[in-house]
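Examining the three-dimensional arrangement
These are the residues of each chain, in order.
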Amino acid sequence: MQPYKKPEAIKRMNELASSRKPFLFIIDYKQQCSLIEEVSRIDSACCRYDFNGVKNVEASTESYPGRIDWNFAPMPLADYRQAFEIVKRNILAGNSYLANLTCKVPVSTNLTLEDVFRHSKALYKLWLKDKLVCFSPEIFVRIENGEIKSFPMKGTIDATLPDAEKQLMDDPKEAAEHATIVDLIRNDLSMVAERVSVARYRYCDRLETNKGPIFQTSSEICGTLPDDYPSRIGEIIFRLLPAGSITGAPKPKTMAIIEEAEDYERGFYTGIMGYCDGRTLDSAVMIRFIEKDGERLYYKAGGGITSKSDLQSEYNEMIQKIYVPIY
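Residues numbered from 1 in each chain as written. Predicted model: local features only at pLDDT ≥ 70, side-chain atom pairs only at ≥ 80, totals over all residues. Heavy atoms only, no water.

**Regarding the pattern of salt bridges**
Test applied: In the sections that follow, a salt bridge refers to a side-chain nitrogen of Lys or Arg positioned within 4 Å of a carboxyl oxygen of Asp or Glu. Secondary structure elements are defined from DSSP: runs of H or I of at least 4 residues count as helices, runs of E of at least 2 residues count as strands, and each element is numbered from the N terminus. Relative accessibility under 20% of the residue-type maximum defines a buried residue, over 50% an exposed one, and the middle range a partly exposed one, all with a 1.4 Å probe and only protein chains included.
Throughout the structure, instances matching the rule amount to 23 salt bridges. The partner of E38 in a salt bridge is R12, with the nearest N and O atoms 3.6 Å apart. Here E38, found in strand β3 (residues 34-38), pairs with R12, found in helix α1 (residues 6-18); they are 26 residues apart in sequence, far enough to count as distant. We note a salt bridge from E147 to K149, for which the minimum N-O separation is 3.9 Å. Overall, the relative accessible area of 34% leaves E147 in the partly exposed class.

Rendered as structure tokens:
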């Protein structure tokens, strides 16, 4: 797939959407590298995708035929503490209200990247040969009939805990984090759309994983795009980046805090991936992500930090997210 820098990526997306040529786009967290290609030109030997049923592969195998070996070595709590304290100190100083802190965790498994793509149960899946696999449950934006919708996802809990859903919905830290991100996304959509409103607030979804079920909370935010939106699709998407749910608020300052706290480059992790045919667009935030670096595999995961965050709880939540949705 052809890589583009930001100005060229915007132009290319505008051109393809205007001419109604279906295309795939994959944009990294810092918007320094965008892979954009017409779907008719994508080689499935190198790139496979299944975005909410739009795909270039046959239906996935229903279950993995065998035992899954899954081991990982998260950074020691003491190392996580250093990054956590950088974020928490900035929040308490008023520099941020919410910051998404992430980590790069070595994993060992008998699954290949292709196995994970093939057998994962996820709304959005992407495989780039010898590079990465992403199996994301989180919608970034959807565009259809001139309406744009976003579904920010914030708040996770082990679904096997007693009264797990009630615990999640009643948790003041999770409630505050979700409210902050909904406000941020509403403001983001207001930059590109009119009549922006929250259609559904803080509903709960159950996700199955190889480590057991989890609950996650989301909201639905909608707005109306201008009539000429197909010719400006690249500008609209890049105006909304990076995704608020994986940065924080206020976005520019929080990104600087993240840069200070994290000791690795996110790359395509927490970027976005999607499909557009010129009138409709569907896209996902690239979370739940495994990357190949040399001969090793790394899982990138994290969570939102607020003034109410507890070190141990946030560390545990990061570990809880290191899973594959294969069961």
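Picking up where we left off.
**A short note on the state of the cysteines**
For clarity, the cut-off: Only a pair of cysteine sulfur atoms within 2.5 Å counts as a disulfide in this structure description.
A full pass over the atoms with the stated rule returns zero disulfides. Between C47, a free cysteine, and C46, which holds the nearest cysteine sulfur, the sulfur-to-sulfur gap is 8.4 Å. Its relative accessible area of 2% is what places C47 among the buried residues. C134 takes part in no disulfide bond, and the closest cysteine sulfur to it belongs to C47, at a distance of 12 Å.

**Some points on the nonpolar core**
The following threshold applies: Definition of nonpolar core: a set of buried residues of the types Ala, Val, Leu, Ile, Met, Phe, Trp, Tyr and Cys, connected through side-chain atoms within 4.5 Å. Here, two residues are considered to be in contact whenever any of their heavy atoms come within 4.5 Å of each other.
Within the largest apolar cluster, 41 residues are counted, with the highest numbers of intra-cluster contacts made by M13, F23, F25, I148 and I233. Elements supplying a minimum of two residues to this core: α1, β2 (23-27), β10 (139-144), α5 (172-190), α6 (233-239), β16 (272-276) and β17 (281-285). When sequence neighbours within four positions are dropped, the list of residues in contact with M13 reads F23, F25, I27, I36, I233, G234, I237 and F238. One finds I86, L101, L113 and I305 within the second-largest nonpolar core, a separate group that totals 38 residues.

**A look at the environment of H178**
Operational definition: Two N or O atoms form a polar contact when they lie within 3.5 Å of each other; inside protein one atom must be a possible hydrogen donor and the other a possible acceptor, and for residues adjacent in sequence the pair counts only when both atoms belong to side chains.
As for its position among the elements, H178 is in helix α5. A C-alpha to C-alpha distance of 15 Å links H178 and A199, two positions 21 residues apart in sequence. In this structure H178 touches P152, K154, Y201, R202, T217, S218 and S219, once residues within four positions along its chain are discounted. A distance of 2.7 Å separates the side chain of H178 from the side chain of S219, its partner in a polar contact.

**As for the packing of aromatic side chains**
Our working definition: A pair of aromatic rings is counted whenever rings of Phe, Tyr or Trp (Trp by its six-membered ring) have centres within 6.5 Å, and the orientation is called stacked for planes under 30 degrees apart, edge-to-face for over 60 and tilted otherwise. A ring is scored as having a charge over it whenever the NZ atom of a lysine or the CZ atom of an arginine sits within 6 Å of its centre and within 35 degrees of its normal.
Inspection of every chain in the model, using the stated rule, returns eight aromatic pairs. Aromatic side chains Y269 and F289 sit 5.6 Å apart centroid to centroid with 55° between the ring planes, which places their arrangement in the tilted category. On the criterion of sequence distance, the pair formed by Y269 in the loop between α7 (251-261) and β16 and F289 in strand β18 (residues 289-293) is long-range, its members being 20 residues apart. Each member of the pair, Y269 together with F289, is buried. Cluster of aromatic residues (ring-pair linked, three or more members): Y49, F51 and Y124. A cation sits over an aromatic face here: K104 above Y298, 4.5 Å from the ring centre.

**Notes on helix α2 (residues 77-92)**
Convention followed: What a helix should span is 1.5 Å times the count of its residues minus one.
Helix length check: α2 (16 residues) gives 21 Å between terminal C-alpha atoms against 22 Å at 1.5 Å per residue, within 8%. Of the positions making up α2, those classed as buried are Y80, A83, F84, I86, V87, K88, N90 and I91. Those residues of α2 that are buried lie in contact with β7 (98-109), α7, β19 (296-305) and α8 (311-320). After α2 finishes, the residue G94 shows a positive phi value of roughly 85°.

**Quick look at unusual backbone geometry**
Among all residues save glycine, negative phi is the norm, and among peptide bonds the norm is trans. Each neighbour pair has its own omega, and for L241 with P242 the value is -5°, a cis peptide bond. If you trace the backbone, P242 turns up in the loop between α6 and β15 (248-249). Cis rather than trans, the peptide bond between A249 and P250 has omega equal to -10°. Here P250 shows up in the loop between β15 and α7.

**Details of the pairing of strand β9 (residues 132-136)**
For clarity, the threshold we go by: When DSSP finds two or more bridges between two strands, those strands count as paired.
When you tally the buried positions in β9, you get five out of five residues, the bulk of the element. Of the two faces of β9, both are covered, the one formed by L132, C134 and S136 as well as the one formed by V133 and F135. For strand β8 (residues 124-128) and β9, the ladder comprises five bridges, and the chain directions are antiparallel. Residue Y124 lies in a different strand from β9, and its bridge partner there is S136. In this antiparallel pair of consecutive strands, β8 and β9, the connection spans three residues, and D130 shows a positive phi of 60°.

**Focus: the environment of K11**
As for its position among the elements, K11 is in helix α1. K11 sits in the exposed class, given a relative accessible area of 52%. Separated by 222 residues in the primary sequence, K11 and I233 have C-alpha atoms spaced 9.2 Å apart.

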